[in-house]
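Listed below, chain by chain, are the residues.
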Amino acid sequence: MRDFSSFSQGHLITIVDASGRSRRSTANQAILRPGEIAVVFCLPIIGAPTQRLRDINLGPNQFARIFCDYTTLDVFCERRTGGRPADTRMLLPGQFVVITCSR
């Protein structure tokens, strides 16, 4: 079991690459490489039931905008782009969404 005690509120992004290596971030932006998967958690998840929302599948040069409490997160596929997001989600504490890039 992972210790999320240092993440008492806000969000956590875990990115898994094609070889299974993972990295975590609390940044407001993430850029995925083709084949990578991001899991965006809206914290706190300890003590709250977790709920997975419908996955977001991004193509090249698309991005998803995620709202978690008062935070806005942008997850890009391949490179940072402007314009309208391909998908927008509002997460409540305990909810998470899986985002794929060019899969």
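As a starting point, this report considers the structure included with it. (Residues numbered from 1 in each chain as written. Predicted model: local features only at pLDDT ≥ 70, side-chain atom pairs only at ≥ 80, totals over all residues. Heavy atoms only, no water.)

On to the sheet that holds strand 7 (residues 63-68). Strands pair in a sheet through their backbones, by hydrogen bonds, and they do so in one of two ways: parallel or antiparallel. Read across the sheet, four strands follow the order 3-8-7-9 without closing on themselves; strand pairing throughout is mixed. Two strands lie at the open edges of the sheet, namely strand 3 (29-32) and strand 9 (87-91), each paired on one side alone. Direction aside, the axes of adjacent strands within the sheet are offset by 15° on average. Strand direction decides the pairing type here: strand 7 and strand 8 (residues 71-77), joined by six bridges, are antiparallel. Note that in strand 8 the partner of arginine 65 across the bridge is aspartate 74. (Pairing = 2+ DSSP bridges. Helix = DSSP H or I, 4+ residues; strand = E, 2+ residues; numbered from the N terminus. Axes fitted to C-alpha atoms, helices over the stretch in contact; angles between N-to-C directions.)

Before going further, it helps to spend a moment on the environment of glycine 10. Examined against the element boundaries, glycine 10 turns out to sit in strand 1 (residues 10-16). Overall, glycine 10 belongs to the buried group, its relative accessible area being 14%. Sequence-wise, glycine 10 and leucine 43 are 33 residues apart; in three dimensions their C-alpha atoms are separated by 5.3 Å. Residues within four places of glycine 10 in sequence aside, it is in contact with Phe41, Cys42, Leu43, Cys68 and Asp69. (Buried < 20%, exposed > 50% of the residue type's maximum accessible area, 1.4 Å probe, protein only. Contact = heavy atoms within 4.5 Å.)

Quick look at the side chain of threonine 71 now. Residue placement: threonine 71 occurs in strand 8. Excluding its chain neighbours within four sequence positions, the residues that come into contact with threonine 71 are His11, Asn28 and Ile66.

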